[in-house]
Amino acid sequence: SLKRIKKNVAIYRINFENELVLDTTYNSFLQSETVFEGKKALILPDWIEFYLNRQIKVKNANRIYISAWVKNPEEFNLCLSSDKFQFNALSGKVVDHKKGWDKIELYKTIPDNLKNQTLDFFVWKLQRNYAYIDNVTIVLIHEKLVE
């Protein structure tokens, strides 16, 4: 029978605890009253639409998994795109609930033509209400089927 073997190739965590690694545009949105974990989380004001832009280098991975803990899940889509390869994926699917926060996730197969390319990750805030986000995790995965 076939077995699915998954290996994590890379894990990126954005937990808003260490201001030095954040670009300064975040700093005015960091707050410590409403957090999922640790001492800080981001509050995104109503006028923000796209946020947390990150470039992700796709090395040896054929799957990508992104999750985040949020308040007001209807505000959020986790998005991936590549203009060069006409690749777009988004999801705001709620998969867990804890301490009054919701966990949203995006799980996607990476097409072969994106191997060793760069994907743009960003958060798309939809309704333009205030919302909170904490503990963003991006995992690049290599998955294969073996006998």
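Conventions used here
The residue numbering used here restarts from 1 in each chain and proceeds along that chain's sequence as written. For this predicted model, a pLDDT threshold of at least 70 governs which residues receive local features, and a threshold of 80 or more governs which side-chain atom pairs are given and counted, while totals over whole chains, interfaces and linings are taken from all residues. Computation of side-chain values: all heavy atoms of the structure, hydrogens and water removed. Throughout this description, the term nonpolar core refers to a set of buried Ala, Val, Leu, Ile, Met, Phe, Trp, Tyr and Cys residues connected via side-chain atoms within 4.5 Å. Burial classes follow relative accessibility: with a 1.4 Å probe on protein chains only, a residue under 20% of its type's maximum area counts as buried, one over 50% as exposed, and anything between as partly exposed. Only DSSP runs of H or I reaching four residues or more are called helices, and only runs of E reaching two or more are called strands; each is numbered from the N terminus. The contact definition used throughout considers only heavy atoms, calling two residues in contact when any of these lie within 4.5 Å. DSSP-based pairing: two strands are paired if at least 2 bridges between them are found. Helix axes use the C-alpha atoms of the stretch in contact, all axes being lines fitted to C-alpha atoms, and the angles between their N-to-C directions lie in the range 0 to 180 degrees.

(A) Examining the nonpolar core more closely. Ranked by internal contacts, the top residues of the largest apolar core, which has 34 residues, are Phe16, Leu42, Leu52, Leu80, Phe121 and Ile133. Of all elements in the fold, only strand E3 (41-44), strand E4 (50-57), strand E5 (63-71), strand E6 (76-82), strand E7 (87-91), strand E9 (101-109), strand E10 (118-125) and strand E11 (131-146) reach the threshold of two or more residues within this core. A per-element tally of this core places E11 first, with five residues. Non-local contacts of Leu80, meaning those with residues more than four positions away in its chain, are made with Ile56, Ile64, Ile66, Phe87, Asn88, Ala89, Leu106, Leu119, Asp120 and Phe121. Judged by nonpolar contacts, the second largest core, of six residues, contains Phe36, Ala41, Trp101 and Tyr132.

(B) Inspection of the sheet that holds E10 at higher detail. A sheet is described by the order of its strands in space; here four strands give the open sequence E4-E10-E6-E7, paired in antiparallel fashion. The open sheet has two free edges, formed respectively by E4 and E7, since each of these has just one partner strand. Ignoring strand direction, the axes of neighbouring strands in this sheet form an average angle of 20°. For E6 and E10, the ladder comprises six bridges, and the chain directions are antiparallel. Bridging from a neighbouring strand, Cys79 pairs with Phe122 of E10.

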